[in-house]
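If you want the building blocks of each chain, they are given just below.
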Amino acid sequence: MSKRKRIIALLVGGIFLAGTVGTLAWLSATGVLVNQFGIGSVTPSVQETLNGNVKSNVKAENTGTAPAYIRAAVDIYWQDATSGARLWEEPQADKDYVIAWSVADALGANSASSWVKASDGFYYWTSPVAPNTKTDVLITSVRELKATEGRNLVVDVSTQAVQSTPD
């Protein structure tokens, strides 16, 4: 091997060695960053008062550990008094039952409420609900107008939620 090739090989080896030592020195000099992720839970529930055949003060509550956006679905139907099965015939508002809402409509009526009915049929609370807090009233009251033999009026309110932070 010629003298020139030895010098080039030594230079390349020296550059490689200096690069390796420099990289190791930089990695050992920089601090270690540990990312910690916490798991937030979002658990909505329905709070309501039952007094005989009157359901009132229906609210949603965030029983989780993270702020959440909440929506509610209201399903009103007849149930067979004996078997508990859902009946096909639908109850008619103001004929079979009367309901008082606390919901802003599309025209902005009752704008004091933060509940808004959307075109998908759900009722949305318009701001995040903090952990262990409740919304305002969704349904002020609902009651059956006349008892019907063999069937019961059911007003089923179910809630869904999604964590509001991070945005």
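Structure: see above.
Structural notes, computed from the coordinates. If you're wondering where the values come from, they're calculated on a predicted model, not measured in any experiment.

1. Looking at the environment of Glu90
- Within the element layout of this structure, Glu90 appears in the loop between strand S3 (68-80) and strand S4 (97-101).
- Assessed through its relative accessible area of 38%, Glu90 is described here as partly exposed.
- C-alpha separation for the pair Glu90 and Trp125, spaced 35 residues apart in sequence, amounts to 27 Å.
- When sequence neighbours within four positions are dropped, the list of residues in contact with Glu90 reads Ile76, Trp78 and Asp96.

2. Remarks on the nonpolar core
- Core analysis: the biggest nonpolar cluster contains 19 residues, and Trp115, Leu138, Ile139 and Val157 have the highest contact counts within it.
- Listed by contribution, the elements that provide at least two residues to this core are strand S2 (54-62), S3, S4, strand S6 (123-125), strand S8 (139-144) and strand S9 (151-163).
- Per element, the largest residue contribution to this core is 4 residues, and it comes from S3.

3. Observations concerning the pairing of S3
- In this sheet, S9 lies alongside S3 in antiparallel orientation, the contact comprising 13 bridges. For Tyr69, the partnering residue across the bridge sits in S9 and is Val162.

Reading the values: the criteria
Residue indices begin from 1 for each chain and proceed along its sequence in written order. In view of the model being predicted, local features appear only for residues whose pLDDT reaches at least 70, and side-chain atom pairs are presented and counted only at 80 or more, with totals across whole chains, interfaces and linings using the full set of residues. To get the side-chain values, take all heavy atoms of the structure and skip hydrogens and water. Numbering of helices and strands starts at the N terminus; helices are DSSP runs of H or I of at least 4 residues and strands are runs of E of at least 2. We call a residue buried when its accessible area falls under 20% of the maximum for its residue type, exposed when it is over 50%, and partly exposed in between, using a 1.4 Å probe and counting protein chains only. In what follows, residue pairs with any heavy atoms lying within 4.5 Å of each other are defined as contacts. Throughout, nonpolar core names a set of buried Ala, Val, Leu, Ile, Met, Phe, Trp, Tyr and Cys residues whose side chains join them through atoms within 4.5 Å. Pairing between two strands requires that DSSP report at least two bridges joining them.

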